[in-house]
Amino acid sequence: SEILYFETVDSTNTQAKKIALQGVKDGTIIISEEQGGGRGRLSRSFFSPKYKGIWFSVILKPKFLPQEAPKCTLMAATAITKAIEDVTGVKVGIKWPNDVLYEGKKLVGILTEMNAEMDCINYIIIGMGINVNIDKEEMPEEIQNIATSLSQITGKKISRLKLLNKILYYLEHLYIICQEEGFAPILDEWRKYSITLNQHIRVIGTNEVLEGIAVDIDDDGALLVNIDGQIKRVLAGDVSIRP
Ligand code: BTN
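Residues numbered from 1 in each chain as written. Predicted model: local features only at pLDDT ≥ 70, side-chain atom pairs only at ≥ 80, totals over all residues. Heavy atoms only, no water.

**Student:** Can you help me understand the domain arrangement of the chain in this one?
**Tutor:** A common way to report how large an interface is uses the accessible area buried once the components associate. Annotation of the chain at the domain level lists domain 1 (3-193) and domain 2 (200-241). For domain 1 and domain 2, the distance between their C-alpha centroids amounts to 22 Å. The interface is formed by 15 residues belonging to domain 1 together with 15 residues belonging to domain 2. Regarding the contact of domain 1 and domain 2, the summed buried area is about 1200 Å², with carbon and sulfur atoms giving 56% of it. Between domain 1 and domain 2 we count 1 salt bridge in total. Across the pair D216 and R191 runs a salt bridge, and its minimum N-O distance is 2.9 Å. Between domain 1 and domain 2 we count 2 residue pairs in polar contact (both at pLDDT 80 or more) in total. Listed by contribution, the elements that provide at least two residues to the side of domain 1 that touches domain 2 are α2 (70-88) and α5 (184-193). Tallied by class, residues from the side of domain 1 that touches domain 2 come to 8 nonpolar, 1 polar and 6 charged. (Domains from an automatic or database assignment. Contact = heavy atoms within 4.5 Å. Buried area = accessible area lost by both parts, 1.4 Å probe. Salt bridge = Lys/Arg side-chain N within 4 Å of Asp/Glu carboxyl O. Polar contact = N/O pair within 3.5 Å; in protein donor to acceptor, adjacent residues only side chain to side chain. Helix = DSSP H or I, 4+ residues; strand = E, 2+ residues; numbered from the N terminus. Nonpolar A, V, L, I, M, F, W, Y, C, P; charged D, E, K, R; others polar.)

Listed below in structure tokens is the structure:
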């Protein structure tokens with residue numbers, strides 16, 4: 001597929017949005033060495049220093065219903081997790097729906113944005129940020145203790161190119177599987193890496209706060225939470241794992 005490379009950009013997700021409706025191919029990639037205005041979920045900013053990480057977005061045009069969009073986030077998290085394991089040997093975990101963590105610290109952030117009509121998706125943008133070679137002291141103070149990087153974990157400089165290659169390989173592979181065989185095989189993979197399932201969690205959603213046990217993910221990628229014996233579907237929200 002097509003790869004658009006930038007030295008610098010405000011946000012690869014914003015850049016992707018600008019071109020997504022101009023007839024770009026399914027799987028087009030926008031990647032930048034740095035982002036001046038990297039965006040996270042819940043209008044947070046995302047630290048994206050030059051040459052130190054992998055900051056990129058993929059434009060997908062899947063034949064999904066809008067409510068199936070969370071599948072893309074789970075697919076991306078699974079692809080990145082597998083690639084990190086292959087290239088560095090580091091075992092990381094996925095916190096539903098979109099964080100890849102190491103010992104509780106954030107290593108990867110994923111921001112999925114969608115443009116849809118009634119029952120068809122025009123495009124989905126999956127923005128992924130991987131902290132590769134960032135020293136602790138280089139991070140803003142407020143994230144030094146909640147974020148980490150592959151170089152901090154391994155004590156070595158990691159090849160961004162090798163890692164990106166593997167990520168793109170797994171992304172393409174899982175995307176094809178998802179369209180040809182459905183979502184079940186991806187879910188099976190995802191479950192292996194999940195640190196959310198079987199945990200007591202609190203979900204801060206748009207309108208409510210829920211607490212219960214995360215029991216499973218359904219076929220659309222929604223989290224199923226057991227709240228006092230009742231199963232509730234959670235499509236999006238900020239999850240914290242409670243003791
Ligand atoms: C989060 O953790 O809240 C999501 C962070 C997503 C960061 C990536 S970096 C590439 C893409 N462009 C952005 O502006 N954000 C995403």
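Having seen it, we continue.
**Student:** What should I look at first to understand the pattern of salt bridges in this one?
**Tutor:** For side chains bearing opposite charge, pairing can occur when the charged atoms are close. Here the structure, examined in full by the defined rule, presents 18 salt bridges. A salt bridge links E85 to K91; the shortest N-O distance between them is 3.5 Å. Judged by its relative accessible area of 61%, K91 is exposed. A salt bridge links K166 to D86; its shortest N-O distance comes to 3.3 Å. Taken as a pair, K166 in helix α4 (residues 160-181) and D86 in helix α2 lie far apart in primary sequence, 80 residues in all. Overall, K166 belongs to the partly exposed group, its relative accessible area being 30%. (Buried < 20%, exposed > 50% of the residue type's maximum accessible area, 1.4 Å probe, protein only.)

**Student:** Please clarify how the side chain of E189 should be interpreted in this entry.
**Tutor:** Relative to the elements of secondary structure, E189 occurs in helix α5. Judged by its relative accessible area of 18%, E189 is buried. If near-sequence neighbours (up to four positions away) are discounted, E189 is found in contact with T78 and K82.

**Student:** I keep staring at the site of the ligand and nothing clicks. Help me out?
**Tutor:** In the vicinity of the ligand lie 18 residues, with S11, Q35, R39, R41 and K106 positioned nearest. Q35 has a polar side-chain atom sitting 2.9 Å from a nitrogen atom of the ligand. Contact with the protein chains removes 98% of the 410 Å² of surface that the ligand exposes when unbound. At the level of secondary structure, the elements contributing two or more residues to the shell around the ligand comprise α1 (12-20), β3 (53-60), β6 (105-117) and β7 (120-131). (Near = heavy atom within 4 Å. Areas by Shrake-Rupley, 256 points an atom, 1.4 Å probe, with all protein chains shown as cover.)

**Student:** Whenever I open this one, α5 confuses me. Can you help?
**Tutor:** Taken as a whole, α5 has its buried residues at I186, L187, E189, W190 and Y193. For α5, the angular spread of the buried residues around the axis is 160 degrees, confining them to a single face. In this structure, the buried side of α5 is in contact with α2, β4 (93-95), α4 and β9 (209-217). (Arc of directions from axis to C-beta.)

**Student:** Would you take a moment to explain the sheet that holds β7 for this structure?
**Tutor:** Pairing between sheet strands relies on hydrogen bonds along the backbone, with the strands arranged either parallel or antiparallel. Overall, mixed pairing links the 7 strands, which are arranged β1-β2-β3-β7-β6-β5-β4 in an open sheet. The open sheet has two free edges, formed respectively by β1 (3-6) and β4, since each of these has just one partner strand. Strand after strand, the sheet turns through a mean of 20 degrees between neighbouring axes, direction not considered. The sheet contact formed by strand β5 (residues 99-102) and β6 spans 4 bridges and is antiparallel. Bridging across to β6, Y102 finds its partner in K105. α2 contacts β3, β4, β5, β6 and β7 of the sheet and is inclined by roughly 150 degrees relative to β6. Sheet strands touched by α4: β1, β2 (28-32), β3 and β7. Its angle to β3, the strand with the most contacts, is close to 25 degrees. (Pairing = 2+ DSSP bridges. Axes fitted to C-alpha atoms, helices over the stretch in contact; angles between N-to-C directions.)

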